[in-house]
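Coordinates in review
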Amino acid sequence: MKITDLKTFIVFAGSRNLVLVKLYTDEGLTGLGEATVHFQEKAVAAALVEYMPVLIGQDPTRIEYIWNTLYRDNFHRNNVIPMAAISAIEQACWDITGKYFNAPVYRLLGGAVRDRIRIYANAWYGAARTPDEFGRAAADIIAQGHTALKFDPFGEADLMMSEEEMSLTEARVAAVRQAVGPIVDILLDVHGRLNVATAISMAKRLEPYRIFFYEEPTPPENVDVLAYVRRQINLPIAAGERWYTRHDFRQPLEKQAVDIIQPDMSWAGGIMELKKIAAMAEVYYVSVAPHNASGPVAMAANIQLAACTTNHLIQEHWAVDVPWRDDVITPPLEIKDGYVGLPTG
């Protein structure tokens, strides 16, 4: 079996554009992958096309060989654009391989270690600005069957926050906690927008609200700063959406900067690379909660990874999306009590 063609698709999906890739083979099997990078869609699509001369004629089941060839031969590889392209190609190769062997990908990677996968909702808070708006939106998404939700309550924070801004942030979190009750898990995303003092101060304010994790409180470039913040607070630290491949995760793990790592399926190398990153984290007793602000193809790939990864904690899910989302993947995900079952196809 040989790869004969590659096509890219940029699809408008409301809050962002999705970048999908489809590989074709001489045996009629095709595979899908996702390379969505917000605001850089055309660059990623161009990078995918650049890899075509290497891919055409390759056996798509030789995934390690293809991945290492694409990665090794790209001089500027530690960058989200080439890594997104490689990630999508890798996912598409696994899609073809699963179809070729008539098995879910997780069975080819060692088999299932759980019979269902916990997910958390993101993108549910839309235009919410006031504490009451956050509270109402949280109640609505929990009513749809979720048991964990993530949001960014930090407003216009840019390294520092005024007392008024910090009080408003705390009020938003308090409103969500009151709306969802004591059992639902709350995850907070800072998007790397605080300096050290502000990150520590906000964490101390938020401790009473039982926060599941405190994501990327400081910018991603300085791992030592993140490690220092972790030692000063009592909230679990999560980070990693802007680290690419296993090489970027070495220092955060060695320096004990995180409790939870968040590699992104569409940016950090694909299914096998995330499994390798997870194995590295397992040595440090660190859990994996892959970042996924992408579309249904990336979500489907993430579910395959979650099924066969022992230290997988929880999976991000873009819970409010375009109405055709469930038409892309057959069958669509079914959420029950905050979990999705294992795929069988």
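Residues numbered from 1 in each chain as written. Predicted model: local features only at pLDDT ≥ 70, side-chain atom pairs only at ≥ 80, totals over all residues. Heavy atoms only, no water.

Looking now at the sheet that holds strand S3 (residues 30-34). Taken in spatial order, the 3 strands of this open sheet run S1-S2-S3, and their pairing is antiparallel. Strand pairing shows two members of the sheet lacking a second neighbour, strand S1 (3-12) and S3, which therefore form its edges. Taking each pair of neighbouring strands and ignoring which way they run, the sheet shows an average axis angle of 20 degrees. Here helix H1 (residues 41-50) sits on the sheet in contact with S1 and strand S2 (17-25), set at roughly 175 degrees to S1. (Pairing = 2+ DSSP bridges. Helix = DSSP H or I, 4+ residues; strand = E, 2+ residues; numbered from the N terminus. Axes fitted to C-alpha atoms, helices over the stretch in contact; angles between N-to-C directions. Contact = heavy atoms within 4.5 Å.)

This part is about a nonpolar patch on the surface. Taken together, the side chains of Tyr100, Phe101 and Leu108 define a hydrophobic patch exposed on the protein surface, amounting to about 300 Å² of accessible area. Note on placement: phenylalanine 101 falls in the loop between helix H4 (80-100) and helix H5 (105-108). (Patch = residues over 30% accessible without salt bridge, like charges linked within 9 Å, V, L, I, M, F, W, Y side chains within 5 Å. Areas by Shrake-Rupley, 256 points an atom, 1.4 Å probe, with all protein chains shown as cover. Salt bridge = Lys/Arg side-chain N within 4 Å of Asp/Glu carboxyl O.)

Looking at the secondary structure, you find serine 87 in helix H4. Given the relative accessible area of 0%, serine 87 is considered buried. Engagement of the side chain of serine 87 in a polar contact is seen with the backbone nitrogen of glycine 270, the distance being 3.5 Å. (Buried < 20%, exposed > 50% of the residue type's maximum accessible area, 1.4 Å probe, protein only. Polar contact = N/O pair within 3.5 Å; in protein donor to acceptor, adjacent residues only side chain to side chain.)

The subject of this paragraph is the layout of surface pockets. Its boundaries defined by the atoms lining it, the largest pocket holds a volume of some 980 Å³. What lines the largest pocket is a set of 40 residues, among which Tyr125, Asp152, Asp189, His191 and Trp318 lie closest to the centre. Contributions of two or more residues to the lining of the largest pocket are made by helix H7 (163-180) and strand S11 (315-318). Per-element tally for the lining of the largest pocket: the top contributor is H7, with 4 residues. Here the residues of the lining of the largest pocket sort into 16 nonpolar, 10 polar and 14 charged. In this model, the second largest pocket occupies a volume close to 780 Å³. Lining the second largest pocket are 29 residues, and of these Ala300, Gln304, Ile329, Thr330 and Gly345 lie nearest its centre. (1 Å grid on protein atoms, 1.4 Å probe; cavity = no way out; pocket = protein on both sides within 12 Å on 5 of 7 lines; lining within 4 Å. Points joined across faces, edges and corners; volume = space filled by probe spheres on them. Nonpolar A, V, L, I, M, F, W, Y, C, P; charged D, E, K, R; others polar.)

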